[in-house]
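Chain by chain, the residues:
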Amino acid sequence: MTHVGYLMAGWSISVAAVLAYASWVLLRGRSLSRRVPENRRRWMMPDD
Amino acid sequence: MSTATTSSPATTSSRATKVLGWLTLVGFAVLVALAFAWVPEDTRITEQGDVVGQFDAVRLMFVHVPSAILAYTGFGLTFLASLAYLRWRTDWWDIMAHSSAEIGVLFGVLTLVTGSIWGRPTWQTWWEWGDVRLVTTLVMVLVFIGYLAVRRIPADAAVQARRSAVIALVGAVNIVIVNRSVDWWENRTLHQQSTLIARKIRDETLFTLSFSFAVGMVLFVWLLLHRFRLAYLERQIEQIEVNEALAERRAEADLADDEREQP
């Protein structure tokens, strides 16, 4: 396989950036959800 | 400041986001398999018998092109939501504009980074200031970073939303310029014109590229749902805090009245 370094860099940067952003959104969402009453979170569902 | 708490687990997840999340993960695993095991390397044989092409670097297409499409989608949605906000003035549209702009910026930055990485083995350069597609994409991303920065300036919510919506409408003009730049200034870009429309790519590559768009779109919707709910929660907390502060002031005022009335 040619250009392995470029391939690794391009794919891993993309995956890492999306994972980092998604984790931030999920963790912040989890933390803020605890501070809002259930009736104000209409998408709320029990974690099973 | 402490606000209301609930005993049940709290997240921005729902059944829909769980399904989309799993679809994204499975789709991404299939995409990696297609991109690295099925799609052949890009080679052509010239009239002189030389083998030329991008070789395996072509596999960067499956992260770079979907990133660009998702950036367009994010900024396009910001444009539509901003337009809708200016028409109906509801929080829902303002939150939608904000959320999609943030996701657009994420994929816009990834477009520039992966494009630069792909450009090095293909064009022997990381960046070319004379390339209209590169420069207009950079301007588009910078405008929407500015949009997000403006949203952080403390202001009355309605003023902030209106100001941001106007910036989004102006910034969105650039989406068309970026997209059409390779046709309008074809001598001033290293980018080729659309190979999709001209059907100049192999079937395996075309299928995998289309599949990467589909996975990207599912990821986009998943991120948008979570980001929208996060922004919604932020507003709910602001409202709760304002209500609590008002209740405290009222209680203080009542106490002061009671003390005055007592001899």
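Residues numbered from 1 in each chain as written. Chains lettered and ligands numbered in written order. Predicted model: local features only at pLDDT ≥ 70, side-chain atom pairs only at ≥ 80, totals over all residues.

**Observations concerning the overall build of chain B**
Here is step 1: Per the secondary structure count, chain B includes 6 helices and 2 strands.
Here is step 2: Starting at the N terminus and ending at the C terminus, chain B contains elements arranged as α-β-β-α-α-α-α-α.
Here is step 3: Once the C-alpha set of chain B is aligned to its principal axes, its extents read approximately 110 × 40 × 30 Å.
Here is step 4: Counting across all 263 residues of chain B, residues that qualify as buried make up 38%. (Helix = DSSP H or I, 4+ residues; strand = E, 2+ residues; numbered from the N terminus. Buried ≥ 20, exposed ≤ 12 C-beta atoms within 10 Å, placed from the backbone.)

**So, the pairing of strand E2 (residues 51–55) of chain B**
All names here are of chain B.
Here is step 1: Here 3 bridges tie strand E1 (residues 42–45) to E2, and the two strands are oriented antiparallel to one another. Residue Arg44 lies in a different strand from E2, and its bridge partner there is Val52.
Here is step 2: Linking E1 to E2, which pair antiparallel, is a turn of 5 residues; within it Gly49 sits at a positive phi near 90°. (Pairing = 2+ DSSP bridges.)

**A few points about the nonpolar core**
Generally speaking, nonpolar side chains in soluble globular proteins are found buried as a group.
Here is step 1: Among the nonpolar cores identified, the biggest contains 63 residues, and Leu60, Phe75, Ala97, Phe144 and Ala168 of chain B are the most heavily contacted of them.
Here is step 2: In terms of residues, this core owes the most to one element, helix H6 (residues 203–261) of chain B, which gives 14 residues. (Core = buried A, V, L, I, M, F, W, Y, C linked by C-beta atoms within 7 Å.)

**Brief notes about the environment of Phe62 of chain B**
All names here are of chain B.
Here is step 1: Of note, Phe62 is situated in helix H2 (residues 61–88).
Here is step 2: A residue is classified by how many C-beta atoms lie within 10 Å of it, and Phe62, with 27 of them, is buried.
Here is step 3: With 184 residues separating them in the primary sequence, Phe62 and Leu246 have C-alpha atoms 53 Å apart.
Here is step 4: Excluding its chain neighbours within four sequence positions, the residues that come into contact with Phe62 are Leu31, Ala35, Thr208, Leu209 and Ser212. (Contact = placed C-beta atoms within 7 Å.)

**Focus on the interface of chain A and chain B**
Here is step 1: Between chain A and chain B, the residue contacts involve 31 residues of the former and 35 residues of the latter.
Here is step 2: In the side of chain A that touches chain B, the residues fall into 17 nonpolar, 6 polar and 8 charged. (Nonpolar A, V, L, I, M, F, W, Y, C, P; charged D, E, K, R; others polar.)

**Digging into the packing of helix H3 (residues 91–123) of chain B against H6 of chain B**
Residue and element names in this part refer to chain B.
Here is step 1: As a packed pair, H3 and H6 sit with axes 9 Å apart at the nearest point and diverge in direction by 130°. With respect to their mutual orientation, H3 and H6 come out oblique. You can see that H3 and H6 cross each other, and the crossing is right-handed. Residues Asp91, Ile95, Met96, His98, Ser99, Ser100, Glu102 and Ile103 of H3 lie in contact with H6, whose contacting residues are Phe220, Leu223, Leu224, Arg227, Phe228, Ala231, Tyr232 and Arg235.
Here is step 2: Split by residue class, the contact of H3 with H6 holds 9 nonpolar, 3 polar and 4 charged. (Axes fitted to C-alpha atoms, helices over the stretch in contact; angles between N-to-C directions. Parallel < 35°, antiparallel > 145°, perpendicular 65-115°, else oblique. Left-handed = near helix turned anticlockwise from the far one by under 90°.)

**Considerations on the packing of H2 of chain B against helix H5 (residues 157–184) of chain B**
Residue and element names in this part refer to chain B.
Here is step 1: It is at 8 Å that the axes of H2 and H5 come closest, and there the two elements cross at 140°. The angle between the axes of H2 and H5 places the two elements in the oblique class. The crossing of H2 and H5 is left-handed. Between H2, through Tyr72, Phe75, Gly76, Thr78, Phe79, Ser82, Leu83, Tyr85 and Leu86, and H5, the contact on the second element is made entirely by Ala161, Ala165, Ala168, Leu169, Ala172, Ile175 and Asn179.
Here is step 2: For the contact of H2 with H5, the class distribution of residues is 12 nonpolar, 4 polar and no charged.

**Brief notes about H5 of chain B**
Side chains three or four residues apart in an α-helix point the same way, a direct result of the helix having 3.6 residues per turn.
All names here are of chain B.
Here is step 1: Over its 28 residues, H5 runs 40 Å from end to end, which matches the ideal 40 Å to within 8%, given 1.5 Å per residue.
Here is step 2: If you look at H5, its biggest bend is around 35°, right at Val178.
Here is step 3: Taken together, the buried residues of H5 touch H2, H3 and helix H4 (132–151). (Expected span 1.5 Å × (residues − 1). Bend = angle between axes of the 7 residues up to and from the residue.)

**Remarks on H2 of chain B**
Here is step 1: The end-to-end C-alpha distance of H2 of chain B, which contains 28 residues, comes to 40 Å, matching closely the 40 Å that a straight helix rising 1.5 Å per residue would cover.
Here is step 2: Phi for Arg89 of chain B, located one or two positions after H2 of chain B, is positive at around 55°.

**Details of the environment of Tyr85 of chain B**
Residue and element names in this part refer to chain B.
Here is step 1: Tracing the backbone shows Tyr85 in helix H2.
Here is step 2: A tally of 23 C-beta atoms within 10 Å means that Tyr85 is categorised as buried.
Here is step 3: In the structure, Tyr85 is positioned 80 residues away from Ala165 in sequence and 7.3 Å away in space, judged by C-alpha atoms.
Here is step 4: Beyond its immediate sequence surroundings of up to four residues, Tyr85 is in contact with Trp93, Asp94, Ala97, Ala161 and Ala165.

**Side note on the environment of Val63 of chain B**
Here is step 1: Note that Val63 of chain B resides in helix H2.
Here is step 2: Take Val63 of chain B: there are 27 C-beta atoms within 10 Å of it, and that puts it in the buried class.
Here is step 3: If we ignore the near neighbours within four places in the chain, the residues touching Val63 of chain B are Gly10, Trp11 and Ser14 of chain A together with Thr114 of chain B.

**Some points on the confidence of the model for chain B**
Residues and elements named next belong to chain B.
Here is step 1: For chain B, per-residue confidence averages 90 on the pLDDT scale, and residues scoring 70 or more make up 94% of the total.
Here is step 2: Predicted confidence for residues 1–8 stays below pLDDT 50, and this span has 17 contacts to residues more than four positions away or in other chains.
Here is step 3: With pTM at 0.90, the complex prediction returns an ipTM value of 0.89. (pLDDT = per-residue confidence, 0-100.)

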